[in-house]
Amino acid sequence: MLTTKGYAALEADKKLEPFNFERRSVESRDVLIHIRYCGVCHSDIHQARDEWGGSIFPMVPGHEIVGTITKIGSGVTKFKEGEVVGVGCFIDSCRTCHSCKQGLEQYCETGMTFTYNGTDKLGQPTYGGYSNQIVVDENYLLRIPSGLSLAGTAPLLCAGITTYSPLKQWGVGKGHTLAVVGLGGLGHMAVKLGRALGAEVTVLSRSGSKQQEAKRLGAIDYVDMSQEGAGKRLERTFDFMIDTVSSPHDLNAHFEFLKTDGTLMLVGAPDQPLSIEAFSLILRRRRLVGSLIGGIQETQEMLDFCGEHDITSDVEVIPIQQINEAYERIIKGDVRFRFVIDLESLE
Ligand code: NAP
Ligand code: ZN
């Protein structure tokens with residue numbers, strides 16, 4: 001076993017604290033990764049605070065991992081020691097179901113193995129990237145394109161793929177208007193990726209405070225939704241909307257901003273149900289679709305796309321000792337635009 005240092009939530013209502021634990025030793029198809037950076041996703045907060053239910057404690061969160069391979073198993077063929085690699089939201093799946101065979105491991109019929117807050121095939125709890133090392137089967141690793149900043153690349157492993165996948169699935173591109181709702185970790189990646197795919201991007205935010213940054217990220221328009229009547233000028237404006245909001249909110253207001261045949265892509269995962277007015281959809285043949293991260297193949301495609309277009313996340317790098325403060329700032333929307341933990345701070 002490998003003694004590993006990390007930070008964990010011991011219970012839902014406790015702050016994260018230093019936590020040592022054991023990981024499995026490197027087996028034939030495994031690699032051992034020395035973790036350099038790990039992004040802080042709002043899903044980490046939902047799970048560490050058990051907002052979705054079913055959380056497993058102690059929990060070491062973190063599923064936006066980049067690091068260096070320090071050891072490979074005897075059967076590893078795809079990666080070498082010293083290579084820089086990424087790990088996203090899952091580290092295994094059944095590999096035999098219809099979804100897995102199509103490269104859609106995130107929709108595995110028997111359930112993928114989450115990088116943390118999951119249980120592996122041996123029935124052991126999984127622990128994530130708020131730690132100094134991780135052991136992962138080579139089939140669930142990603143290659144990091146050279147030339148990208150490593151800290152800025154970590155959030156691509158969740159925020160990047162979660163927004164790239166529905167944009168690609170629904171064919172968002174040149175000639176389309178795209179609204180990004182919520183300018184946080186996912187939202188700012190949706191702006192960059194939507195723009196790179198050729199869409200005209202508008203940001204809808206709760207306040208006016210992120211306007212300049214939205215334009216810098218590539219949005220052509222920005223709407224402060226807290227202003228009286230702000231929605232009026234948006235009626236029937238967009239071909240697509242991508243909703244990244246982390247708390248319960250009114251979807252029906254958003255539907256009105258879609259054209260006939262427009263599509264609302266829901267990726268935000270609030271802990272309460274969202275209600276839908278049937279006529280918001282019926283009257284203009286609008287669509288509501290969901291999307292969950294992306295498969296290994298598509299995540300690699302997204303990373304390569306980011307390499308070609310020089311796209312990374314805008315990050316605030318923090319030592320792990322500041323993680324609890326970072327959670328509070330994320331909840332307030334006070335981060336530009338993703339916290340990334342420098343795991344050197346654990347040593
Ligand atoms: P984040 O950085 O906190 O961003 C969420 C943004 O939503 C905030 O910055 C804020 O933007 C907006 N917002 C929050 N509360 C709001 C409210 N009450 N009303 C209106 N807007 C509000 O979070 P994230 O890491 O991007 O994650 C966003 C959501 O996606 C989370 O629920 C997360 O669990 C989920 N997620 C889903 C997937 C998936 O596979 N589908 C993957 C990763 C994450 P403004 O300040 O601009 O208003
Ligand atoms: Zn995430």
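About the cut-offs
- Every chain begins its residue count from 1, and numbering advances along the sequence as written.
- Note on labels: chains are lettered from A, ligands numbered from 1, in written order.
- pLDDT decides what is reported in this predicted model: residues at 70 or higher carry local features, side-chain atom pairs at 80 or more are listed and counted, and totals for whole chains, interfaces and linings draw on all residues regardless.
- With hydrogens and water stripped out, all remaining heavy atoms of the structure feed into the side-chain values.
- Going along the chain from the N terminus, every DSSP run of H or I of four or more residues is numbered as a helix, and every run of E of two or more is numbered as a strand.
- For the radius of gyration, the atom set is restricted to C-alpha positions; the globular benchmark scales as 2.2 Å times the number of residues to the power 0.38.
- For the exposure calls, accessible area comes from a 1.4 Å probe over protein chains only, and a residue counts as buried if that area is under 20% of its type's maximum, exposed if over 50%, partly exposed in between.
- Whether two residues touch is decided by their heavy atoms; if any such pair falls within 4.5 Å, the residues are in contact.
- A positive count includes Lys and Arg, and a negative count includes Asp and Glu. His and the chain ends are not counted in either.
- Note that the charge is assigned to NZ on lysines, CZ on arginines, CG on aspartates and CD on glutamates.
- Strands are labelled as partners when DSSP assigns at least two bridges between them.
- Working definition of a nonpolar core: buried Ala, Val, Leu, Ile, Met, Phe, Trp, Tyr and Cys residues. They are joined through side-chain atoms within 4.5 Å.
- Each domain's extent was defined by an automatic or database domain assignment.
- Salt bridges are defined as contacts in which a side-chain nitrogen from Lys or Arg sits within 4 Å of a carboxyl oxygen from Asp or Glu.
- Summary of the distance rule: residues count as near a molecule or strand when at least one heavy atom falls within 4 Å of that molecule or strand.
- We call two N or O atoms a polar contact when they sit within 3.5 Å, provided that within protein one can donate a hydrogen and the other can accept it, with sequence-adjacent residues counted only if both atoms are side-chain atoms.
- Using a 1.4 Å probe, accessible areas were evaluated by the Shrake-Rupley method; residue-level cover was limited to the displayed protein chains.
- The classification used treats Ala, Val, Leu, Ile, Met, Phe, Trp, Tyr, Cys and Pro as nonpolar, Asp, Glu, Lys and Arg as charged, and all other residues, Gly among them, as polar.
- For patch detection, residues must exceed 30% relative accessible area and be free of salt bridges, and they are connected within 9 Å for like charges or within 5 Å for nonpolar side chains (Val, Leu, Ile, Met, Phe, Trp, Tyr).

**Student:** Would you take a moment to explain the overall build of the protein chain for this structure?
**Tutor:** Counting its secondary structure elements, the protein chain contains 10 helices and 17 strands. Since a compact globule built from 347 residues should have a radius of gyration of about 20 Å, the 20 Å found for the protein chain is in line with a globular shape. On the principal axes, the C-alpha backbone points of the protein chain span a range of 60 × 40 × 35 Å. Within the protein chain, the proportion of its 347 residues that are buried is 57%. For the protein chain, the proportion of contacts with a sequence separation of at least 24, taken over those separated by at least 6, is 67%. Side chains of the protein chain carry 35 positive and 44 negative charges; the gap between the two charge centres is 4 Å.

**Student:** Would you mind showing me how to read the pairing of strand 5 (residues 84-87) here?
**Tutor:** Consecutive side chains of a regular strand alternate in pointing toward one face of the sheet and then the other. Bridge count between strand 4 (residues 65-72) and strand 5: four bridges; the pairing is antiparallel. Bridging from a neighbouring strand, Thr68 pairs with Val84 of strand 5. Alignment of strand 5 against strand 9 (residues 142-143), held across two bridges, turns out to be antiparallel. Directly across from Val85, in strand 9, lies its bridge partner Arg143.

**Student:** Help me understand the nonpolar core, please; the structure alone is not making it clear to me.
**Tutor:** Burial of nonpolar side chains together is a common tendency in soluble globular proteins. Formed by 90 residues in total, the largest nonpolar core has its most connected members in Tyr130, Leu141 and Leu178. Counting only domains with at least three residues in this core, you end up with domain 1 (2-158 + 315-346) and domain 2 (159-290). In this structure, Leu141 is in contact with Val31, Ile33, Ile69, Phe79, Val85, Gly86, Val87, Val136 and Ile296, ignoring residues within four places of it in sequence. Counting 15 residues, the second largest nonpolar core, distinct from the first, contains Leu234, Met241, Val245 and Leu251.

**Student:** Before we go on, may I ask you to explain the pattern of salt bridges in this structure?
**Tutor:** Pairing between side chains becomes possible if they bear opposite charge and their charged atoms approach one another. As enumerated under the stated definition, the model contains 19 salt bridges in all. A salt bridge links Arg49 to Glu328; the shortest N-O distance between them is 2.8 Å. Placement of the pair is Arg49 in the loop between helix 1 (42-48) and strand 4 and Glu328 in helix 10 (residues 323-331), with a sequence separation of 279 residues. One network of salt bridges, with partners in common, ties together Asp92, Arg95, Lys121 and Asp137.

**Student:** Help me understand the site of ligand 1, please; the structure alone is not making it clear to me.
**Tutor:** Around ligand 1, the structure places 27 residues, and the nearest of them are His42, Ser205, Lys210, Ser247 and Arg338. A distance of 3.5 Å separates an oxygen atom of ligand 1 from a polar atom in the backbone of Gly184. With respect to ligand 1, the backbone of Ile293 contributes an N or O atom lying 2.8 Å from an oxygen atom. Calculation on ligand 1 without its partners gives an accessible area of 920 Å², and the protein chains cover 89% of this total. Among the secondary structure elements, those contributing two or more residues to the shell around ligand 1 are helix 1 and helix 5 (185-196). With three residues, the top contributor of residues to the shell around ligand 1 is helix 1. Here the residues of the shell around ligand 1 are counted per class, giving 11 nonpolar, 13 polar and three charged. Inspection of the shell around ligand 1 shows a minimum of three residues originating in each of domain 1 (2-158 + 315-346) and domain 2 (159-290).

**Student:** Would you take a moment to explain a nonpolar patch on the surface for this structure?
**Tutor:** A surface patch of nonpolar side chains, amounting to about 360 Å² of accessible area, comprises Phe279, Ile282 and Leu283. Turning to its location among the elements, Phe279 is positioned in helix 8 (residues 278-282).

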